[in-house]
Amino acid sequence: VATDKIADLAGSIATSETELQNATTIREKEEAEFKTGEAELMDSIDALDRATAILQKEVSKNPAALMQVSDRIGAAGMIQAISAVLDAAAFPGSDQKKLVAFVQSQQGAEDE
């Protein structure tokens with residue numbers, strides 16, 4: 001009887017250890033995915049911070065210019081105007097693409 005009980009407990013321990021290993025593997029995968037997503041979001045936030053600083057600097061030079069452009073040419077033109085400002089400020093191309101994609105997604109959300 002005691003031997004049977006020991007065998008049952010040993011089997012239970014083996015099953016628990018397998019489940020623990022599987023759970024650990026899943027958590028490690030989830031952590032890696034989270035860190036990748038977090039890094040992408042942090043890059044986007046950094047790009048937006050830099051873009052905001054550049055736009056604030058440019059707008060402070062001529063506050064009405066950006067709004068006049070917006071009124072005359074609409075959202076697509078606004079994106080082109082922002083791109084031109086960012087080009088002139090030597091804003092990295094990858095960051096420009098992220099910012100333009102963000103502005104377009106926001107514009108799409110406003111249109112709905």
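Please refer to the structure placed before this passage.
Each chain carries its own residue numbering, running from 1 in the direction its sequence is written. Totals for whole chains, interfaces and linings use all residues, but because this is a predicted model, local features are given only for residues with pLDDT of at least 70 and pairs of side-chain atoms are given and counted only at 80 or more. Side-chain calculation: all heavy atoms of the structure are included, whereas hydrogens and water are not.

A. View of the overall build of the protein chain. By the criteria applied, helices consist of DSSP H or I runs no shorter than four residues and strands consist of E runs no shorter than two, each listed in order from the N terminus. Summing up its helical and strand segments, the protein chain has three helices and zero strands in all. For the exposure calls, accessible area comes from a 1.4 Å probe over protein chains only, and a residue counts as buried if that area is under 20% of its type's maximum, exposed if over 50%, partly exposed in between. The buried share among the 112 residues of the protein chain stands at 15%. Between two residues, a contact is recorded if the distance between any of their heavy atoms is within 4.5 Å. Considering only intrachain contacts with a sequence separation of at least 6, the fraction spanning at least 24 residues in the protein chain is 65%. Split by element, the accessible area of the protein chain, about 8400 Å² in all, is 58% carbon and sulfur. Note on areas: Shrake-Rupley with a 1.4 Å probe; residue coverage comes only from the protein chains shown.

B. Quick look at the pattern of salt bridges. Whenever Lys or Arg places a side-chain nitrogen within 4 Å of a carboxyl oxygen from Asp or Glu, that contact is recorded as a salt bridge. Summed over all chains, the structure comprises three salt bridges. The residue Lys35 makes a salt bridge to Glu31 at a minimum N-O spacing of 3.2 Å. Taken together, the residues Lys35 and Glu31, both in helix α1 (residues 2–61) and four residues apart, mark about one turn of the helix. For Asp46, the salt bridge is made with Arg50, and the minimal N-O distance between the two is 2.2 Å. Of this pair, Asp46 and Arg50 both sit in helix α1, separated by four residues, roughly a single helical turn.

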